[in-house]
Amino acid sequence: TTVFTIAQGFRTGNNTAFIVEDSFPDEQHTRAYVDGTNIKRGYLSKKKRIIWPYHKSENRVNLISENALSKISPNSYLKLHQSFKDKSSPNWYAYSRPQNLASMYSPKIFIKEMMPRAEFAADLDGSICFSSGYALIPKSDMQKRELLAWSFILSTDVMEYQYRCIASNLHSGW
């Protein structure tokens, strides 16, 4: 029985342009964001914000038009417009690798990439985006308490031992 599917995070191609501070005006097209530095054993440290030039319609996530972004989220549009020199492509403000964007709306367990130890943390509401690393997306009927329990179980020393026994060693020890 499959309990989780695995999703790899997107890549912005220009983190300086897209990742903003909490003080950035909270508009319709910014979302909570984490990367590997925020994933700890069983919890997420301080989250960031990311400009999100996309909208969800049913199970699809699409890039919004440049005109709509400039009208709905003028601060986000201005930051992106000032950050990108080359605007010759009609989708110049899109992420460079916009994969798995629909999974950003699902509850998930974040997996820290290239971790020195097992560190997993849950997004119980599906409200947090991630770009680096991976996430475990649960079956739709998994309860929040089960998802949280899995994030703690996967972060234990016993599970870390198992990962080390079955995984290839990398330069970081993983």
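Our subject in this report is the structure included herewith. Worth saying up front: this structure is predicted, and the values here are computed from it rather than measured.

Side-chain alternation along strand β9 (residues 108-111) places Lys 108 and Phe 110 on one buried face and Ile 109 and Ile 111 on a second face that is also buried. Note that β9 and strand β10 (residues 120-123) share four bridges and pair antiparallel. Within β10, the residue paired with Phe 110 across the bridge is Ala 121. Here β9 pairs with strand β12 (residues 134-138) via three bridges, running antiparallel. Residue pairing for β12: Phe 110 is matched across the bridge by Ala 135.

All right, on to the packing of aromatic side chains then. By the definition in use, this model includes 13 aromatic pairs. With centroids separated by 4.9 Å and ring planes inclined at 85°, the aromatic side chains of Phe 18 and Tyr 95 adopt a geometry described as edge-to-face. Residue Phe 18 is found in helix α1 (residues 15-18), and its partner Tyr 95 is found in the loop between α3 (74-83) and β9; the two are separated by 77 residues along the sequence. The same class applies to Phe 18 and to Tyr 95, which are both buried.

Before going further, it helps to spend a moment on the sheet that holds strand β2 (residues 19-20). Within a sheet, adjacent strands bond to each other through the backbone by hydrogen bonds, running parallel or antiparallel. Spatially, four strands are ordered β2-β6-β3-β11 in an open sheet, and the strand pairing comes out mixed. Edge positions in the sheet fall to β2 and β11 (128-130), since each has one partner strand and no second. Inspection of the sheet shows β2 paired to strand β6 (residues 48-51) by two bridges, in the antiparallel sense. Pairing of Ile 19 across the sheet is with Ile 50, part of β6.

Before going further, it helps to examine the pattern of salt bridges. Counted under the stated rule, the structure contains seven salt bridges. Arg 41 is paired through a salt bridge with Asp 157; the nearest N and O atoms lie 3.1 Å apart. Of the two residues, Arg 41 sits in the loop between β4 (39-40) and β5 (43-44) while Asp 157 sits in helix α5 (residues 157-166), which places them 116 residues apart along the sequence. Under the relative-accessibility criterion, Arg 41 is labelled partly exposed at 21%. Under the relative-accessibility criterion, Asp 157 is labelled exposed at 55%. Residue Asp 125 pairs with Lys 144 through a salt bridge whose shortest N-O separation is 2.7 Å. Note that Asp 125 is positioned in the loop between β10 and β11 and Lys 144 in helix α4 (residues 144-154), a separation of 19 residues in sequence. Assessed through its relative accessible area of 47%, Lys 144 is described here as partly exposed. Within this structure, Arg 41, Asp 157 and Glu 160 form a network of salt bridges that share partners.

About the cut-offs
- Within each chain, residues carry numbers counting from 1 in the order of the written sequence.
- Residue-level local features of this predicted model are given only where pLDDT is at least 70; pairs of side-chain atoms are given and counted only at 80 or more, and the full residue set underlies all totals for whole chains, interfaces and linings.
- Note that the side-chain values use all heavy atoms of the structure and ignore hydrogens as well as water.
- Only protein chains enter the calculation, and the probe is 1.4 Å; a residue is then buried if its accessible area is under 20% of its type maximum, exposed if over 50%, and partly exposed in between.
- The numbering of helices and of strands both runs from the N terminus, where a helix is a DSSP run of H or I of at least 4 residues and a strand a run of E of at least 2.
- Two strands qualify as a pair provided that DSSP identifies no fewer than 2 bridges between them.
- Each Phe, Tyr or Trp ring, with Trp reduced to its six-membered ring, pairs with another whose centre is within 6.5 Å; inter-plane angles below 30 degrees give stacked pairs, above 60 give edge-to-face pairs, and intermediate values give tilted ones.
- Take a side-chain nitrogen of Lys or Arg and a carboxyl oxygen of Asp or Glu: if they are within 4 Å of each other, that pair is a salt bridge.

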